[in-house]
Amino acid sequence: MNPKATVLDDAAIRRALTRISHEIIEKNKGIEDLVLVGIKTRGVPIARRIRSKVAEIEGRELPGGELDITLYRDDLTPEKQTSEPELKETNIETDIDGKKVILVDDVLYTGRTVRAAMDALMDHGRPKEIQLAVLVDRGHRELPIRADYVGKNVPTSLEEVITVTLAETDEKDEVKIFER
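Values in this document were obtained by computation on a predicted structure and should not be read as measured data.

Considerations on the overall build of the protein chain
Reasoning step 1: Counting secondary structure elements, the protein chain contains four helices and nine strands.
Reasoning step 2: Each helix and strand of the protein chain, ordered N terminal to C terminal, gives the series β-α-β-α-β-β-β-α-β-β-β-α-β.
Reasoning step 3: In terms of C-alpha radius of gyration, the protein chain reaches 16 Å, essentially the compact-globule figure of 16 Å for 180 residues.
Reasoning step 4: If you line up the protein chain on its principal axes, its C-alpha atoms span 45 × 40 × 30 Å.
Reasoning step 5: For the protein chain, with 180 residues in total, the buried portion stands at 46%.

A closer look at the side chain of T156
Reasoning step 1: Considering the arrangement of structural elements, one finds T156 in the loop between β7 (149-153) and β8 (160-165).
Reasoning step 2: Sequence-distant contacts of T156, defined by excluding residues within four places in its chain, comprise R138, H140, I162 and I177.

Details of the layout of surface pockets
Reasoning step 1: Quantified by volume, the largest pocket comes out at close to 540 Å³.
Reasoning step 2: What lines the largest pocket is a set of 23 residues, and nearest its centre among them are R73, D105, D106, V107 and T113.
Reasoning step 3: Elements represented by at least two residues in the lining of the largest pocket include exactly β5 (100-108), α3 (112-122) and β8.
Reasoning step 4: Among the elements that make up the lining of the largest pocket, the one with the highest residue count is β5 (four residues).

Examining unusual backbone geometry
Reasoning step 1: In this chain, K40 is followed by T41 through a cis amide linkage whose omega measures 15°.
Reasoning step 2: Along the chain, T41 turns up in the loop between β2 (34-39) and α2 (43-58).
Reasoning step 3: Positive phi, close to 50°, is recorded for K29, a residue that is not glycine.
Reasoning step 4: Mapped onto the elements of the fold, K29 is located in the loop between α1 (10-27) and β2.
Reasoning step 5: Owing to a relative accessible area of 76%, K29 belongs among the exposed residues under this scheme.
Reasoning step 6: For D33, which is not a glycine, the phi torsion comes out positive at approximately 60°.
Reasoning step 7: In this fold, D33 is placed in the loop between α1 and β2.

Remarks on the packing of aromatic side chains
Reasoning step 1: Enumeration over the complete set of coordinates arrives at zero aromatic pairs.
Reasoning step 2: The cationic tip of R138 hangs over the ring face of Y109; the distance from NZ or CZ to the ring centre is 4.0 Å.

Observations regarding the environment of K4
Reasoning step 1: Within the secondary structure layout, K4 lies in strand β1 (residues 2-8).
Reasoning step 2: Each C-alpha atom, one on K4 and one on R19, is 26 Å from the other, the two residues being 15 residues apart in sequence.
Reasoning step 3: Here the side chain of K4 touches E160 through a polar contact of 2.2 Å, side chain to side chain.

What counts, and where the lines are drawn
- Residues numbered from 1 in each chain as written.
- Predicted model: local features only at pLDDT ≥ 70, side-chain atom pairs only at ≥ 80, totals over all residues.
- Heavy atoms only, no water.
- Helix = DSSP H or I, 4+ residues; strand = E, 2+ residues; numbered from the N terminus.
- Rg over C-alpha atoms; globule rule 2.2 N^0.38 Å.
- Buried < 20%, exposed > 50% of the residue type's maximum accessible area, 1.4 Å probe, protein only.
- Contact = heavy atoms within 4.5 Å.
- 1 Å grid on protein atoms, 1.4 Å probe; cavity = no way out; pocket = protein on both sides within 12 Å on 5 of 7 lines; lining within 4 Å.
- Points joined across faces, edges and corners; volume = space filled by probe spheres on them.
- Phe/Tyr/Trp six-rings, centres within 6.5 Å; stacked < 30°, edge-to-face > 60°.
- Lys NZ or Arg CZ within 6 Å of the ring centre and 35° of its normal.
- Polar contact = N/O pair within 3.5 Å; in protein donor to acceptor, adjacent residues only side chain to side chain.

This is how it looks when you write it as C-alpha cells:
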C-alpha cells in the first residue's frame, strides 16, 4: 500500500477527542447513567482517553468497558475462516441495564463492526440507549448506521484504506490514508 496523506496527527487526534468529550456531555446533559464502552482493539484506548477527558471536565469518572465482538462478526463463516478466531476478553465495569451506552471505535466504514458490537452488547444487558462515537467516519455504509460523535469525516474511495495508530497499541498517534 502506498501512503497518500496524514489525515490526523497527534495534536489533531487530541483536539478531536476533546471535542467529542464535550459533545457527549452536552448531548446527554451531563454524564448521569452513561457508560463508555470501547470496541476492541483501538476503540478501547480511544474510549479511555474520552473517559479521562470527561473526568477532567466533569470532575468524576464515567464507568466503562471493553467489548470483544469476535464471535459476533458476520465474516467468520467457516468458508472465510482460515483459523480459529482469537477471542479477547469483554469487560464492562457496571450493569448496563437502563443506561445510555456509548460505543467507541476508531473507524466507521460499512457499519458491520458496529452491528456486531450492538449484538455483543445486548448479551450483557438491555441499555436504555446506544450511541456511537468514532474517531474517523470514512463513509461507504452497507448498513443504516451513523455515528453520534465523529472526530473527522474523511470521504474515501473504495481503493483507499484508513489506518489508525495509537500510542497505546502502536507507539504513535496518527491517522493515515493509503492507496491500495
